[in-house]
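# Working through the structure, step by step
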Amino acid sequence: MLMNTYLKPQIVFEKGDGCYVISKSGEKYLDFSSGIGVNCLGYSHPAILEAMVEGSSLMHLSNLYDTEQDRILADKLVKRTGLDSVFFANSGAEANEGAIKLARKYSFDHYGSGRDEIITLKNSFHGRTITTLSATGQDKFHKFYMPFTAGFSYAEPNHLADLLSLVTEKTCAILIELVQGEGGVFPLEKDYVTQLFNLCQERDILFIVDEVQTGIGRCGQFFVSEEYNVLPDIVTFAKGLGGGMPIGAIVAGKKCKDTFGLSDHGSTFGGNPLACRISNAVVDKLNRDFLISVRENGHYLKESIARLNNKYIKEVRGLGLMLGMELTGVSASDVRNMCLEKQLLILTAGNNTIRLLPPLIVNKSQIDQCINILNEVLLSI
Ligand SMILES: *Cc1c(COP(=O)(O)O)cnc(C)c1O
């Protein structure tokens, strides 16, 4: 039996096709959750299926040998981000864990031991390992598993003075999501991000952006740092990167491109040829026109929610196809459950917010279908 860590509805899902998943009993569900922002090309995308077949005879060989796929993918990520070097992991938490190690090693190499503190933001989410839970700025995640990794402090988002009060001569990095995802879909203010970025530049504090959820086209750019006009020192990707295949990446800029040397970091599965081959196919699809369609459809979805003009909808926020719909007077999980009954999969995030993360290939008629179901549900309460 499974450990009791997830509450699941009774439906068993068996197949997927485009923006739909199909249950064992043959019912078709519109998926606006994308496996939590993972299935960016939807289900059964021909480019992914082709890569799976091509890669099937060499799923894994280890990082002791060259299989080419990881180098090719790394070069693509370097080109698309403007950063310099890549390390592959298997998940978001692992990528962030590696980014934290990278930042601390950079600081150790340049300043010696003791300059190891990292500032993150309240309401953030960075993963479930002991260290990434430490990095997560929400008290509810800081229970049971003591002792947590030391060296983290949490600043109020969009409040520069609060963050400045935490900066010391021991600060080596700032780690942030530019749009807080799990915390409720809160985009940071642009001025604040610019000021943070400048502060980091002045003090040689590494500016790390967790793009595990916002990256790989989700917010309408290859990664959301572009939207904010900042080039981070380190970026982490996961979720959408493999289009459903588990893979994560740490992408480092000039300052720390060579910080990890031989044996400084590693992973058995990280960068395996099958995951990288599939990820190569995903990244190739995210061309200029594709990203324009993400922005257009994101805008259309946002406007369509606003047009519902429903008394339970307090606010719609987000970028691209990463949208949060904050509710008032009704619980988000009730609305999610009612949508499930009408064969629409959606997510919740933070306090009373519905989170919509449709596959990036979604079209307007599927958006209309989602809106109709949401409307029916909200009118039935
Ligand atoms: C999901 C998420 C993570 C954790 O990723 P896992 O693959 O579940 O380890 C980390 N950071 C952000 C911003 C996320 O959304």
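In what follows, the accompanying structure is described. (Residues numbered from 1 in each chain as written. Predicted model: local features only at pLDDT ≥ 70, side-chain atom pairs only at ≥ 80, totals over all residues. Heavy atoms only, no water.)

## With respect to the nonpolar core
- Counting 60 residues, the largest nonpolar core has F32, L77, F237, L301, V335 and L344 as its most contacted members.
- Ignoring any residue separated from it by four or fewer positions in sequence, one finds V335 in contact with L327, V330, I354, L374, V377, L378 and I381.
- Within the second largest apolar cluster, 27 residues are counted, among which are A155, V179, L196 and V209. (Core = buried A, V, L, I, M, F, W, Y, C linked by side-chain atoms within 4.5 Å. Buried < 20%, exposed > 50% of the residue type's maximum accessible area, 1.4 Å probe, protein only. Contact = heavy atoms within 4.5 Å.)

## A word on the packing of helix α9 (residues 288-308) against helix α11 (residues 364-379)
- At a closest axis distance of 10 Å, the pairing of α9 and α11 adopts a crossing angle of 25°. As judged from the angle between their axes, α9 and α11 are roughly parallel. The handedness of the crossing between α9 and α11 is right-handed. Between α9 and α11, the residues in contact are N297, Y300, L301, S304, I305 and L308 and K364, I367, D368, I371 and N375, respectively.
- Across the contact of α9 with α11, the residue classes break down as 6 nonpolar, 3 polar and 2 charged. (Axes fitted to C-alpha atoms, helices over the stretch in contact; angles between N-to-C directions. Helix = DSSP H or I, 4+ residues; strand = E, 2+ residues; numbered from the N terminus. Parallel < 35°, antiparallel > 145°, perpendicular 65-115°, else oblique. Left-handed = near helix turned anticlockwise from the far one by under 90°. Nonpolar A, V, L, I, M, F, W, Y, C, P; charged D, E, K, R; others polar.)

## Let's talk about the site of the ligand
- Around the ligand, the structure places 13 residues, and the nearest of them are G92, A93, D210, Q213 and K239.
- Here an oxygen atom of the ligand and a backbone polar atom of G92 are 2.8 Å apart.
- Here an oxygen atom of the ligand sits 2.6 Å away from a polar atom, N or O, in the side chain of K239.
- In isolation the ligand offers 390 Å² of accessible surface; the protein chains occlude 82% of this area.
- Element by element, the count of residues in the shell around the ligand is highest for helix α4 (residues 92-111), at 3 residues.
- Considering only residue class, the shell around the ligand consists of 3 nonpolar, 6 polar and 4 charged. (Near = heavy atom within 4 Å. Polar contact = N/O pair within 3.5 Å; in protein donor to acceptor, adjacent residues only side chain to side chain. Areas by Shrake-Rupley, 256 points an atom, 1.4 Å probe, with all protein chains shown as cover.)

## Some details on the pairing of strand β17 (residues 353-356)
- Here β17 shows no split at all, with T353 and R355 on one side and I354 and L356 on the other all buried.
- In terms of strand pairing, strand β16 (residues 347-349) meets β17 through 3 bridges, oriented antiparallel. Residue pairing across strands places T348 opposite I354, the latter belonging to β17.
- Where β16 folds back on β17, the antiparallel hairpin that results is connected by 3 residues, among which G350 adopts a positive phi of roughly 60°. (Pairing = 2+ DSSP bridges.)

## Describing the state of the cysteines
- The tally for this structure, following the rule as stated, stands at 0 disulfides.
- Cysteine C339 shares no disulfide, and the gap to the nearest cysteine sulfur, in C370, comes to 7.3 Å.
- When its relative accessible area of 0% is taken as the criterion, C339 is described as buried. (Disulfide = S-S within 2.5 Å.)

## Some words on empty space enclosed by the protein
- One pass over the full model with this rule turns up 2 cavities of 30 Å³ or more.
- Put simply, the largest cavity is a space of about 50 Å³.
- Together, 13 residues line the largest cavity, and S62, N63, G271, N272 and P273 are the ones closest to its centre.
- Its residues placed into classes, the lining of the largest cavity shows 4 nonpolar, 8 polar and 1 charged.
- As for the second largest cavity, its lining consists of G37, C40, V212, Q213, G215, I216, R218 and G240.
- For the lining of the second largest cavity, a count of residues per class yields 3 nonpolar, 4 polar and 1 charged. (1 Å grid on protein atoms, 1.4 Å probe; cavity = no way out; pocket = protein on both sides within 12 Å on 5 of 7 lines; lining within 4 Å. Points joined across faces, edges and corners; volume = space filled by probe spheres on them.)

## With respect to the layout of surface pockets
- Counted as a void, the second largest pocket has a volume near 590 Å³.
- Taken together, 26 residues line the second largest pocket, and the ones lying closest to its centre are N63, V86, F87, F88 and H265.
- Among the elements of the structure, α3 (69-81), β4 (85-89) and β12 (248-252) are those that each provide at least two residues to the lining of the second largest pocket.
- When residues in the lining of the second largest pocket are grouped by element, the largest group, 4 residues, is from β4.
- Across the lining of the second largest pocket, the residue classes break down as 10 nonpolar, 11 polar and 5 charged.

## What about the sheet that holds β12?
- In space, the 7 strands of this open sheet follow the order β4-β12-β11-β10-β7-β5-β6, with mixed pairing throughout. Looking along the sheet, the strands with just one partner apiece sit at the ends: β4 and β6 (152-155). Along the sheet, successive strands turn relative to each other by an average axial angle of 20°, direction set aside.
- Where α4 meets the sheet, it contacts β4, β5 (117-121), β6, β7 (171-176), β10 (206-210), β11 (234-237) and β12, and its direction lies at approximately 165° from that of β11.
- Here helix α7 (residues 190-203) sits on the sheet in contact with β5, β7 and β10, set at roughly 140° to β10.

## Structural notes on the pattern of salt bridges
- All chains considered together, the criterion is met by 16 salt bridges.
- With a shortest N-O distance of 3.1 Å, D284 and K76 are connected by a salt bridge. Linking D284 in helix α8 (residues 273-285) with K76 in helix α3, this pair joins segments that are 208 residues apart in sequence.
- In this structure D284 comes out as partly exposed when scored by relative accessible area, which is 48%.
- A salt bridge links D109 to K105, with the shortest nitrogen-to-oxygen separation between them at 3.2 Å. Residue D109 and its partner K105 are located together in helix α4, separated by 4 residues, close to a single helical turn. (Salt bridge = Lys/Arg side-chain N within 4 Å of Asp/Glu carboxyl O.)

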